[in-house]
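One-letter residues, chain by chain:
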Amino acid sequence: LPEGYPGSVRPEYLRFQVYDTIQAACSYLRAILSTGAILKASGVGEAAASPMAAAVAWVLRDGFGMCGSLLFASLVGVGFDENVKEWRLFADLINDVGLTLNMLAPMAGERFFLVAALGSTCTSICGMVAGATRASITAHFALSGNLADVSAKEGAQETAVTLVGLLVGSYLFAPLVGESAPAVWTAFALLTALHVYANWQGVGCLALLWLNRHRAVLASRDWAASAAPPSDAPPEALSPAALSRLERPWGPFLSSLQGPRLGARLPHLCASAEDVCALRDAFAGERRPGEGHVQDMSRTCRGPVAA
């Protein structure tokens, strides 16, 4: 634990770390099963298999995964800081998809390489997204300028979980499951269910202090409801812990679909000069700051309309 615990970290630190340890252990044990499936499908253990062909297939599979993670980071990297909890949950869910694809790859026949490459892409995206969100979560936990200490203890905890998973997987889990396909799939399904539950509980307990669009909407609605008649008491803002209990992982996605979008550029709202004219007419009777912008819109309208 970090130096000065519990006063040096947020109140939800221990609960988050417990669930994070559970999900990491589940991921490690499932990785043993999925890696075994990939190696077996690559021909490992068969006399007729070519070691070089298996090595080339493995390298190409990892290469496709790296390319996919780079493309994904270039497309959505700017949203990691805004929706930390949602992206952290997404990282673990996409890891579940990747490991499941790795388990299914041996059954794909001629499409083995395609399915294995997709699985590798998903797990690579998981590593990239989890690393990006971990920085924000670690900064949130650090209360007394101890970011380096919290980060170091986080790495030590991951190392300990990996070591325990290595011992349990080698001497208990693998012999218990064996080579039986029903036993392997049953163990994989149970570990996946536990992994999803642990992530849901761990991410849900984070009481982040900053507002994104989803949390701002929830806080504004609660404030407006508390200020509505017949209540005479002054409205009170939700605490971060209370606000975190109202959050839903799909909230930011629904908010982006429903709108409104604050600070949207005019070309995103108006596809033509006629749209600009309609926007000018809608606000023609109002007085507001920035009247010069309305005059510019009027000049824009006069040109195309006259033509």
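What you see is a predicted model; the values in this text were computed from it and never measured. (Residues numbered from 1 in each chain as written. Predicted model: local features only at pLDDT ≥ 70, side-chain atom pairs only at ≥ 80, totals over all residues. Heavy atoms only, no water.)

## Focus on the overall build of the protein
Along the backbone of the protein there are twelve helices and zero strands. Secondary structure of the protein in N-to-C order comes out as α-α-α-α-α-α-α-α-α-α-α-α. The buried share of the protein, reckoned over its 307 residues, is 35%. Long-range pairs, those at least 24 residues apart, make up 77% of the contacts in the protein between residues at least 6 apart in sequence. Total accessible area computed for the protein in this model is approximately 17,900 Å², and 66% of it derives from carbon and sulfur atoms. (Helix = DSSP H or I, 4+ residues; strand = E, 2+ residues; numbered from the N terminus. Buried < 20%, exposed > 50% of the residue type's maximum accessible area, 1.4 Å probe, protein only. Contact = heavy atoms within 4.5 Å. Areas by Shrake-Rupley, 256 points an atom, 1.4 Å probe, with all protein chains shown as cover.)

## As for the packing of helix α3 (residues 84-104) against helix α4 (residues 112-141)
Interaxial distance between α3 and α4 falls to 7 Å at its minimum, and their mutual angle equals 160°. By the angle between their directions, the pair α3 and α4 is classed as roughly antiparallel. Classified by chirality, the crossing of α4 by α3 is left-handed. Here the residues of the contact of α3 with α4 are counted per class, giving 18 nonpolar, eight polar and one charged. (Axes fitted to C-alpha atoms, helices over the stretch in contact; angles between N-to-C directions. Parallel < 35°, antiparallel > 145°, perpendicular 65-115°, else oblique. Left-handed = near helix turned anticlockwise from the far one by under 90°. Nonpolar A, V, L, I, M, F, W, Y, C, P; charged D, E, K, R; others polar.)

## Overview of the nonpolar core
Counting twelve residues, the largest nonpolar core consists of Cys26, Leu29, Leu33, Ala37, Leu99, Met103, Phe173, Val177, Val184, Ala187, Phe188 and Leu191. Those elements giving two or more residues to this core turn out to be α1 (13-41), α3, α5 (147-177) and α6 (181-204). Apart from the residues lying within four places of it in its own chain, the contact partners of Leu29 are Gly165, Gly169, Phe173 and Leu191. If you look at the next biggest cluster of nonpolar residues, it comprises eleven residues, including Val9, Tyr13, Phe16 and Leu208. (Core = buried A, V, L, I, M, F, W, Y, C linked by side-chain atoms within 4.5 Å.)

## Considerations on the packing of aromatic side chains
Summed over the entire model, instances satisfying the criterion amount to eight aromatic pairs. Taken together, a centroid distance of 5.4 Å and an interplanar angle of 55° make the contact between Phe16 and Phe141 tilted. On the criterion of sequence distance, the pair formed by Phe16 in helix α1 and Phe141 in helix α4 is long-range, its members being 125 residues apart. Plain terms: the ring middles of Phe72 and Trp87 are 5.9 Å apart, the flat faces sit at 80° to each other, and that makes the pair edge-to-face. Taken together, the positions of Phe72 in helix α2 (residues 51-76) and Trp87 in helix α3 put the pair 15 residues apart, joining distant regions of the chain. This pair shows no difference in class: Phe72 is buried, exactly as Trp87 is. Among the aromatic side chains, those forming a connected cluster through ring pairs are Tyr5, Tyr13, Phe16 and Phe141. (Phe/Tyr/Trp six-rings, centres within 6.5 Å; stacked < 30°, edge-to-face > 60°.)

## Here we look at the confidence of the model for the protein
For the protein, the mean per-residue pLDDT works out to 79, and 80% of the residues sit at or above 70. Taken element by element, the predicted model of the protein shows its lowest mean pLDDT in helix α12 (residues 291-306) (46) and its highest in α6 (91). Low pLDDT (under 50) marks residues 290-300, which in the prediction has six contacts with non-local residues, meaning those over four places away or in another chain. Of the regions scoring below 50 in pLDDT, residues 302-307 engages in two contacts with residues more than four places distant in sequence or in other chains. (pLDDT = per-residue confidence, 0-100.)

## Some words on α5
Taking the largest bend as the criterion, α5 deviates by roughly 50°, centred on Gly169. Considered for burial, the residues of α5 that qualify are Asp149, Val150, Glu154, Val161, Gly165, Gly169, Phe173 and Val177. Summarising the contacts, the buried residues of α5 are in contact with α1, α4 and α6. Within two residues after α5, Gly178 carries a phi angle of roughly 70°, on the positive side. (Bend = angle between axes of the 7 residues up to and from the residue.)

## Thoughts on the pattern of salt bridges
For the coordinates displayed, the defined rule picks out seven salt bridges. Between Lys85 and Glu247 there is a salt bridge, and its shortest N-O distance comes to 3.0 Å. Here Lys85 is found in helix α3, whereas its partner Glu247 is found in the loop between α8 (240-246) and α9 (251-258), with 162 residues between them in sequence. (Salt bridge = Lys/Arg side-chain N within 4 Å of Asp/Glu carboxyl O.)

## Observations concerning the environment of Ser239
Looking at the secondary structure, you find Ser239 in the loop between α7 (213-227) and α8. On the accessibility criterion, Ser239 (38% relative accessible area) is partly exposed. Separated by 20 residues in the primary sequence, Ser239 and Ala219 have C-alpha atoms spaced 9.2 Å apart.

## Considerations on a nonpolar patch on the surface
A surface patch of nonpolar side chains, about 600 Å² in accessible area, is lined by Leu1, Tyr5, Leu14, Val18, Ile22, Leu194 and Tyr197. Looking at the nonpolar patch, the elements that each hand over two or more residues are α1 and α6. A per-element tally of the nonpolar patch places α1 first, with three residues. On the basis of relative accessible area, Val18 is assigned to the partly exposed category, the value being 42%. (Patch = residues over 30% accessible without salt bridge, like charges linked within 9 Å, V, L, I, M, F, W, Y side chains within 5 Å.)

## So, the packing of α1 against α5
Geometry of a packed helix pair, given as the angle between the helix axes and the separation of the axes. Between α1 and α5, whose axes approach to 8 Å, the crossing angle comes to 40°. Looking at the two axes, α1 sits oblique to α5. The element α1 and its partner α5 pack so that their crossing is right-handed. Contacts between α1 and α5 involve Tyr13, Gln17, Asp20, Thr21, Ala24, Ala25, Tyr28, Leu29, Ile32 and Leu33 from the first element and Val150, Lys153, Glu154, Gln157, Val161, Thr162, Gly165, Leu166, Gly169, Phe173 and Val177 from the second. Classifying every residue of the contact of α1 with α5 by side-chain character gives twelve nonpolar, six polar and three charged.

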